[in-house]
Amino acid sequence: MRAEIVGVSLQIDGVSIVRDVSMDVPAGTFHGVIGPNGSGKSTLLRAVYRSLRPHDGQVLLGGDDVWRDLSARDAARRRAVLAQDSSLDFEFTVTDVVAMGRAPHKTLFERDTARDRELVVTALEHVGMAWAGSRLAATLSGGERQRVFLARAITQQAPVLVLDEPTNHLDVRAQLELLRLVKSLGLTTIAALHDLDQAVSMCDGITIMREGHAVASGAPLAVLTPERIADVFGVRAHVGEHPLTGRPHITVAPLEPDTHSSPKDSP
Amino acid sequence: MTLLVLVLALVAALFVGISAGTVTVPLSEVWTVVGSHLDWNDAAISPVRDQIIWDFRTARVLLAAVVGAALSLAGACLQVLARNGLADPYVLGVSSGAALGAVLAVTLGSAAVGGFGVSGAAFAMSMATLVVVFAFAQRAGRIGPTRLVLAGVAVSYLATAITSFVQLYGDPLALRGTMFWILGSLQNARWGDLGIPTLAIAICSVWLLARGRSMNVLATGDDTASALGVDVNRLRIELLVITSLLTATAVSVAGGIGFVGLMIPHAARFVVGPDHRRLLPVSALVGAVFLVLVDLLSRVVDRPNELPVGIFTAAIGAPFFLLLMRRGGRAA
């Protein structure tokens, strides 16, 4: 399903956070939204998952405006979300958490059916967490927890997936595994990402944001040039080929020459 | 299974509650009298016994059950709504408002408060308090959980201050009656008090059962709930209306009985877990059984005197709760 963000502006308590941002994500592609802290990435995604109503503009999923044409429930059948971390104040088991993905498909008094339970088990198997079904979700590690939330998104059976910096707080292996799992789903994906290297190797398209504006949009290598990275992120960047995988690869260093680094850099 | 056990426990508690008191009535006589009123038999009963058993005790234990259930349900909802385990039905200022209404009605006379009567004035003031709390808790139509609790606490202090001031200048004799609203009591229960709370709890229960799944989702966070298709702000407003209705009706007939609304939902959570589709009915039943039994104790511990039920809800509930917490059915 195609996802479009058309001229969206967002405010929080009267302060403008996102201004006139647009992007077009064709069905089945992975679109990255990158930018420094405070550039408005996460806020923009809140408009997609119906948590913050745009001041102006539209978010379209399959051509329908998620705020005007679709109810909260209908919108949730079209897109699932994997956020940085969810609150687990109440002691739900892993199975309880994943089963919540069925919520948008249920009527008021409807109970969980055998098919719902089957979907939960399949999703847990898919993310490699089938062993943890009866564990309390709060007792899992950060990486395991994100995989459980991904399983919840899978049971939601939505064609569009929104990721809000999903690999924050995860160790390197957990980061790679989570992203590999997400890619394997083949969904239309919009992801706010922090890591430039992740972005350039994962994404089919990229939008760079700074101070609430989209400053560039397009194919990863066209958008993520060393000059633009220096301009937006304030770091020196080298865009090359990953020595192990052969995929595009970005390495960064501080803009100012480092005063106490390797002997090679010293005069 | 749990539900069936709890329903049987409630029926047993109701019968024991009717039988015990200043005068102990044998269970067989309770059965006969209650049966005659339900047209199960046509036994001849002396009017005095009938008055004790049916008019006073039966009405009282039923009211205890309804109030216990209402406060527990309201507490369970508020803990999700404010996403705060320390929230109880009074955090929104309802009981302080009710106490103020009662004190005003007693000191100024019911004509001054619109001819409501003491109970009516308590209800009206608790609703007025809620309107003020909501007005301050919302910003652009959205209600934030932290703002809600803060506004509730502040307004509650204000209402208490006014109550104290009015009491200071009021007729001391008339004011003894107002202690009823402040401490909470089921002493004056009559059949006429049962109708509105019972209706309120029936409507609210059905409504809440339909929202169990959404409440589970809300418990995991506003953003997650939005992502899973719950209209968070609407659900929060609906839950607020429900809890307000439950609490205000309970308080206006029984005063501010403490502890039940805070602890019963937690106790129920230890036993059946956090799923509201199970938690809500279990909370309601446990709350009903608990208040019936505690009210019973408050009547028999120091016969023929009655002690305020609020003392016992905490004195018995707290150690029991701490024990449950230590055993930790499901970690906390």
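For the structure, see preceding data.
Sequence order sets the numbering: in each chain, residues are counted from 1 along the sequence as written. Chains carry letters and ligands carry numbers; both start at the beginning, A for chains and 1 for ligands, and go up in the order they are written. In keeping with the model being predicted, local features are shown solely for residues with a pLDDT of at least 70 and side-chain atom pairs are shown and tallied solely at 80 or more, while totals for entire chains, interfaces and linings include all residues. Hydrogens are left out, water is left out, and the side-chain values use all remaining heavy atoms of the structure.

Peer 1: Any chance you could break down unusual backbone geometry for me, citing the residues and the numbers?
Peer 2: The phi torsion at A:Gln157 lies on the positive side, around 50°, for a residue other than glycine. Going along the chain from the N terminus, every DSSP run of H or I of four or more residues is numbered as a helix, and every run of E of two or more is numbered as a strand. Relative to the assigned elements, A:Gln157 resides in the loop between helix H5 (142–155) and strand E7 (160–164). In this model, B:Phe259 sits at a positive phi of 80°, which is unusual for a non-glycine residue. Here B:Phe259 shows up in the loop between helix H12 (232–254) and helix H13 (260–272).

Peer 1: Any chance you could break down the interface of chain B and chain A for me, citing the residues and the numbers?
Peer 2: Working rule for contacts: check all heavy atoms of both residues, and any pair within 4.5 Å makes them a contact. Each partner contributes to the interface: chain B provides 29 residues, whereas chain A provides 31 residues. When the two sides are added together, the surface that chain B and chain A hide from each other amounts to roughly 2400 Å², 58% of it contributed by carbon and sulfur. Salt bridges, as used here, are contacts in which a Lys or Arg side-chain nitrogen is within 4 Å of a carboxyl oxygen on Asp or Glu. Between the two partners, chain B and chain A, sit two salt bridges. For B:Arg213, the salt bridge goes to A:Asp112, with nearest N and O atoms at 2.9 Å. Counting residues per element, the ones that place at least two in the side of chain B that touches chain A are helix H3 (47–81), helix H9 (195–210), helix H10 (212–219) and helix H11 (222–227) of chain B. Looking at the side of chain B that touches chain A residue by residue, the class counts come to 11 nonpolar, seven polar and 11 charged. Put simply, buried area is how much 1.4 Å-probe accessible surface two parts lose in total, over both of them, once they are put together. Residue type decides the class: Asp, Glu, Lys and Arg count as charged, Ala, Val, Leu, Ile, Met, Phe, Trp, Tyr, Cys and Pro as nonpolar, and the leftover types, Gly among them, as polar.

Peer 1: Describe the pattern of salt bridges, and please don't skip the residues or the numbers.
Peer 2: Residue and element names in this part refer to chain A. For the structure shown, the criterion picks out 19 salt bridges over all chains. Between Asp 24 and Arg 2 there is a salt bridge, with its nearest N and O atoms 2.6 Å apart. Placement of Asp 24 in strand E2 (residues 15–25) and of Arg 2 in the segment before strand E1 (3–12) is noted, with a sequence separation of 22 residues between them. Its salt-bridge partner being Asp 65, residue Arg 68 comes within 2.7 Å of it at the nearest N-O pair. Only protein chains enter the area calculation, which uses a 1.4 Å probe; residues under 20% of their type maximum are buried, those over 50% are exposed, and those in between are partly exposed. Owing to a relative accessible area of 2%, Asp 65 belongs among the buried residues under this scheme. One salt-bridge network, held together by shared partners, links Arg 102, Lys 106, Glu 110 and Asp 116.

Peer 1: I'd love a proper account of the state of the cysteines, names of residues and values included.
Peer 2: Residue and element names in this part refer to chain B. Sulfur atoms of two cysteines make up a disulfide when they are within 2.5 Å. Here the structure, examined in full by the defined rule, presents zero disulfides over all chains. Cys 77 supplies the cysteine sulfur nearest to Cys 204, a cysteine that is in no disulfide, at a spacing of 8.4 Å. The exposure class assigned to Cys 204 is buried, which follows from its relative accessible area of 1%.

Peer 1: An account of the side chain of B:Arg299 is requested, with residue identities and associated values reported.
Peer 2: Along the chain, B:Arg299 turns up in helix H14 (residues 276–300). In the analysis that follows, any N or O atom pair within 3.5 Å is treated as a polar contact, provided that within protein one partner can donate a hydrogen and the other can accept it, and provided that, for residues neighboring in sequence, both atoms belong to side chains. Here B:Ala20 takes part through its backbone oxygen, which lies 2.9 Å from a polar atom of the side chain of B:Arg299.

Peer 1: Talk me through helix H1 (residues 2–19) of chain B; I want residue IDs and the actual numbers.
Peer 2: Residue and element names in this part refer to chain B. A helix is expected to span 1.5 Å multiplied by its residue count minus one. Taking 1.5 Å as the rise per residue, H1 with 18 residues should run 26 Å; its terminal C-alpha atoms sit 26 Å apart, in good agreement. Among all positions of H1, only Leu 6, Leu 10, Ala 13, Leu 14, Phe 15, Gly 17, Ile 18 and Ser 19 are buried. With its phi angle positive at about 155°, Gly 21 sits one or two positions after the end of H1.

Peer 1: So what's going on with the sheet that holds strand E8 (residues 188–193) of chain A? Which residues, and what values?
Peer 2: Residue and element names in this part refer to chain A. Strands sit in the order E6-E7-E8-E3-E9-E10 across an open sheet of six strands; the sheet is mixed. Each of the sheet's edge strands pairs with one partner strand only, and the pair in question is strand E6 (79–82) and strand E10 (213–218). Sheet twist, expressed as the mean angle between neighbouring strand axes with direction ignored, is 15°. Sheet analysis places strand E3 (residues 30–34) next to strand E9 (residues 205–210), joined by four bridges and oriented parallel. Looking at E9, one finds that His 31 is bridged to Gly 205. On the sheet, H5 packs against E6 and E7 and is oriented at approximately 175° with respect to E6. When DSSP finds two or more bridges between a pair of strands, those strands are recorded as paired. Fitted lines through C-alpha atoms give the axes, limited to the stretch in contact for helices. The angle between two N-to-C directions lies from 0 to 180 degrees.

Peer 1: Outline the packing of aromatic side chains, supporting the account with residue identities and numerical values.
Peer 2: Stacked, edge-to-face and tilted are the three classes for Phe, Tyr and Trp ring pairs, Trp counted by its six-membered ring, which pair at centre distances within 6.5 Å; planes under 30 degrees apart are stacked, over 60 edge-to-face, the rest tilted. Using the criterion set out here, one finds three aromatic pairs over all chains in the structure. When the centroid spacing of 5.6 Å and the interplanar angle of 40° are considered together, the rings of B:Phe15 and B:Trp31 count as tilted. Separated by 16 residues along the polypeptide, B:Phe15 in helix H1 and B:Trp31 in helix H2 (residues 27–37) bring together distant segments of the chain. Between B:Phe165 and B:Tyr169, the ring centres sit 5.1 Å apart and the planes meet at 50°, which makes this aromatic pair tilted. Highlighted residues: B:Phe165 and B:Tyr169, both in helix H6 (residues 145–169), separated by four residues, approximately one helical turn. Classification of B:Phe165 by relative accessible area gives exposed; the value is 52%. By relative accessible area, B:Tyr169 is classed as exposed at 64%. The residue whose ring lies beneath A:Arg50 is A:Trp67, and the NZ or CZ to ring-centre distance is 5.0 Å. Any Lys NZ or Arg CZ that is within 6 Å of a ring centre and within 35 degrees of that ring's normal is treated as a charge sitting over the ring.

Peer 1: Give me the lowdown on the sheet that holds strand E4 (residues 56–61) of chain A, citing residues and values where you can.
Peer 2: Residue and element names in this part refer to chain A. If you trace the four strands from one edge of the open sheet to the other, you get E2-E1-E4-E5, paired in antiparallel fashion. Only two strands of the sheet have a single neighbouring strand rather than two, namely E2 and strand E5 (64–65). Pairing geometry for E1 and E4, over five bridges, is antiparallel. The residue bridging Val 6 from the neighbouring strand is Gln 58, located in E4. Sheet strands in contact with helix H1 (residues 41–48) are E1, E2 and E4, and its direction is about 115° off that of E1.

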